[in-house]
Amino acid sequence: MNRGTGHSLVCGLEIHVELATRTKVLCACPNRFGAEPNTLACPVCAGLPGALPVLNAEAVRLAVLAGLALDCTIRSRSVMARKNYFYPDMPKGYQITQYEEPLCVDGSILLDDLPGGPRRVRIERAHLEEDAGKLLHDAFGTGTLVDLNRCGVPLLEIVGAPDLRTPEEARRMMEIVRDRLEACGVSDCRMEEGSLRADVNVSLLDEATGQFGTRVEIKNVNSFRAVERAVASEARRQERILGAGGRVVRETRLWDDGRGESRPMRRKETDDDYRYFPEPDLPALRIGPEEVEALRRRLPEFPAERRRRYRDEMGLLDADALLLCRPPAVARLFESACAAGASPRAAADFLRVEVFRHLNRAGLDPADVPFGGESLARLLAAVGAGRLAPVGARRVLERMFEDSGAAADPEGEAERQGLLIRSGGVGLDDLARRVAAAHPAACQDLRAGKEKAFSFLLGQAMREARGGADPKALAEALRRVLSGPGHESAGLTGPAEQAGGKGDPA
Ligand SMILES: [Zn+2]
């Protein structure tokens with residue numbers, strides 16, 4: 001990106017993703033978010049002398065699966081290493097990670113959906129490591145406390161090559177990594193809970209000389225939008241410095257999303273020397289080609305391909321295809337509804353409008369939907385056959401979230417609630433007659449040509465039907481009844497007459 005100063009942006013992401021294992025990577029403590037501080041910690045987590053780590057095989061499998069999802073080569077031998085540094089959230093004084101011999105190398109992903117067309121960017125490596133604990137600053141007025149629950153949560157660190165050229169590309173890379181890892185179930189990828197997070201590295205390339213500028217790292221970038229904003233903000237900051245004849249300092253900065261700017265965290269004059277060495281308590285990690293191939297067969301369809309299939313083979317609008325291709329729970333619901341006979345368009349509309357509205361209002365996650373696509377297909381079949389109005393379907397849907405009986409038999413639930421539309425419109429005619437009888441003054445007004453009275457009567461009829469009637473069918477029934485015996489002078493049987501009859505004294 002030429003930013004008008006003779007410099008172009010060079011950016012690389014380091015993405016950390018917490019793996020969704022049942023237990024931690026080096027001990028048997030549960031791997032769970034949101035527990036009371038220090039309730040999920042043991043001597044290994046706390047780094048007590050003599051505590052010995054045992055590598056979690058499931059964490060290795062998920063890391064390999066993630067590597068395959070990012071088109072990496074999986075190395076048959078990799079080595080766990082100690083990275084020595086002292087920080088209070090890592091009580092043993094070193095982190096168990098991988099250094100010279102990581103598990104996954106030489107991957108890439110295709111960035112699509114960009115104005116300039118798709119572009120492939122490289123992933124240098126992805127390695128397995130343990131997460132650190134968390135410092136809680138000022139939780140009790142003064143001082144800092146430490147929560148060790150996150151110590152030893154399995155992490156995959158994905159190191160992207162400095163191939164990104166715009167802030168949008170950085171955000172897109174983050175999204176695609178999320179899409180792919182979420183699809184294979186290696187992580188819930190919740191940025192708001194920290195299970196997916198990024199550090200961004202930004203420098204400027206001098207286009208005249210081809211010289212790379214000083215690289216600045218920005219930490220604490222916790223949303224897709226923040227990735228894009230942090231990269232853009234850092235590029236502007238470095239341009240300002242260079243434009244004023246200054247020198248960009250090598251440092252690590254902390255992103256403040258509220259202020260939309262970063263602030264210095266620590267300076268780096270040289271590369272950190274962590275004195276890595278092979279972890280003596282863990283043997284080298286070996287993975288055979290059969291095991292890698294077995295995991296490769298577990299790779300699912302990814303959202304980008306799924307979106308294309310929804311659009312090109314199932315006939316969805318691209319916007320709907322995009323909305324339904326992820327997260328996996330949404331795609332599953334949509335596909336199982338279609339497999340049970342729902343039309344893809346109708347299922348997409350209903351999910352987008354009714355199901356998502358309900359989820360938003362109830363603060364639920366798509367994974368919390370308590371029924372399957374078959375239930376949805378049954379509900380949509382009743383709507384499609386004209387036995388249930390859309391507004392009635394909404395009420396049945398609400399029950400389906402609370403009651404498994406309603407979810408198993410949506411039409412039965414509609415029946416119980418009196419929402420089924422009676423065939424032949426006979427029931428609607430009865431209803432219209434009742435409403436007309438209850439509001440003689442409005443009928444009088446209508447006969448006098450006051451068309452507003454019809455809207456009033458229709459509103460009363462809709463209320464009476466408690467959402468169990470198709471508004472169009474109910475309006476027709478009302479017109480039919482009002483132009484029948486006792487109501488002849490209303491003379492209103494349809495919109496054409498209605499226009500002609502306006503202002504016509506009865
Ligand atoms: Zn533990």
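Residues numbered from 1 in each chain as written. Predicted model: local features only at pLDDT ≥ 70, side-chain atom pairs only at ≥ 80, totals over all residues. Heavy atoms only, no water.

Asks: I keep staring at the packing of aromatic side chains and nothing clicks. Help me out?
Replies: A ring pair, where both rings are aromatic, is described by two values, the distance of the centres and the angle of the planes. A complete count under the given rule lists five aromatic pairs for this structure. Connected via pairs of aromatic rings, a cluster forms that spans Tyr85, Tyr99, Tyr274 and Tyr276. The positively charged end of Arg479 is found above the aromatic ring belonging to Phe454, 3.5 Å away from the centroid. (Phe/Tyr/Trp six-rings, centres within 6.5 Å; stacked < 30°, edge-to-face > 60°. Lys NZ or Arg CZ within 6 Å of the ring centre and 35° of its normal.)

Asks: Before we go on, may I ask you to explain the domain arrangement of the protein chain in this structure?
Replies: Reports of interface size often rely on the accessible area that becomes lost once the parts have come together. Assigned domains within the protein chain: domain 1 (7–272), domain 2 (303–416) and domain 3 (425–500). Taking only C-alpha atoms, the centre of domain 1 and the centre of domain 3 are 65 Å apart. (Domains from an automatic or database assignment.)

Asks: Explain the coordination of the zinc ion to me, please; I cannot follow it from the model alone.
Replies: When a metal holds four donors in a tetrahedron, each ideal angle between them is 109.5 degrees; when it holds six in an octahedron, the ideal angles are 90 or 180 degrees. Distances from the zinc ion to its protein donors, Cys27 (SG), Cys29 (SG), Cys42 (SG) and Cys45 (SG), fall within 2.2 to 2.3 Å. Its four donor atoms give the zinc ion angles of 101 to 121° at the centre, a pattern that matches the tetrahedral case. Residue classification places Cys27 among the buried positions, given a relative accessible area of 14%. (Donors = N, O, S within 2.8 Å, 3.2 Å for Na, K, Ca; no water. Tetrahedral: all angles 85-135°; square planar, octahedral: opposite > 155°, others 65-115°. Buried < 20%, exposed > 50% of the residue type's maximum accessible area, 1.4 Å probe, protein only.)

Asks: Sorry if this is basic, but what is going on with helix 4 (residues 224–243) here?
Replies: Residue pairs three or four apart in sequence face the same way in an α-helix, which turns once every 3.6 residues. If you check helix 4, its first and last C-alpha atoms are 29 Å apart, about what 20 residues at 1.5 Å a residue would give, namely 28 Å. Every buried residue belonging to helix 4 is among Phe224, Ala226, Val227, Ala230, Val231, Ala232, Ser233, Glu234, Ala235, Arg237, Gln238 and Glu239, and all of these are buried. Where helix 4 is buried, its residues touch strand 1 (7–18), helix 3 (167–183), strand 11 (196–206), strand 13 (216–221), strand 14 (251–256) and strand 15 (261–267). Looking at the residues trailing helix 4, positive phi occurs at Gly245, about 80°. (Helix = DSSP H or I, 4+ residues; strand = E, 2+ residues; numbered from the N terminus. Expected span 1.5 Å × (residues − 1). Contact = heavy atoms within 4.5 Å.)

Asks: Looking at this model, I keep getting lost on the state of the cysteines. Mind explaining?
Replies: Any covalent bond linking the sulfur atoms of two cysteines counts as a disulfide. If you walk through the whole model with that rule in mind, you get zero disulfides. Not part of a disulfide, Cys72 finds its nearest cysteine sulfur in Cys104, a span of 5.3 Å. (Disulfide = S-S within 2.5 Å.)

Asks: I tried to follow the pattern of salt bridges on my own but got confused; where do I start?
Replies: When the charged atoms of two side chains with opposite charge come close together, those side chains can pair. As enumerated under the stated definition, the model contains 51 salt bridges in all. In this structure, Glu279 and Arg82 form a salt bridge, with 2.7 Å as the shortest nitrogen-oxygen distance. On the criterion of sequence distance, the pair formed by Glu279 in the loop between strand 16 (277–278) and strand 17 (285–286) and Arg82 in strand 4 (residues 80–84) is long-range, its members being 197 residues apart. Owing to a relative accessible area of 14%, Arg82 belongs among the buried residues under this scheme. (Salt bridge = Lys/Arg side-chain N within 4 Å of Asp/Glu carboxyl O.)

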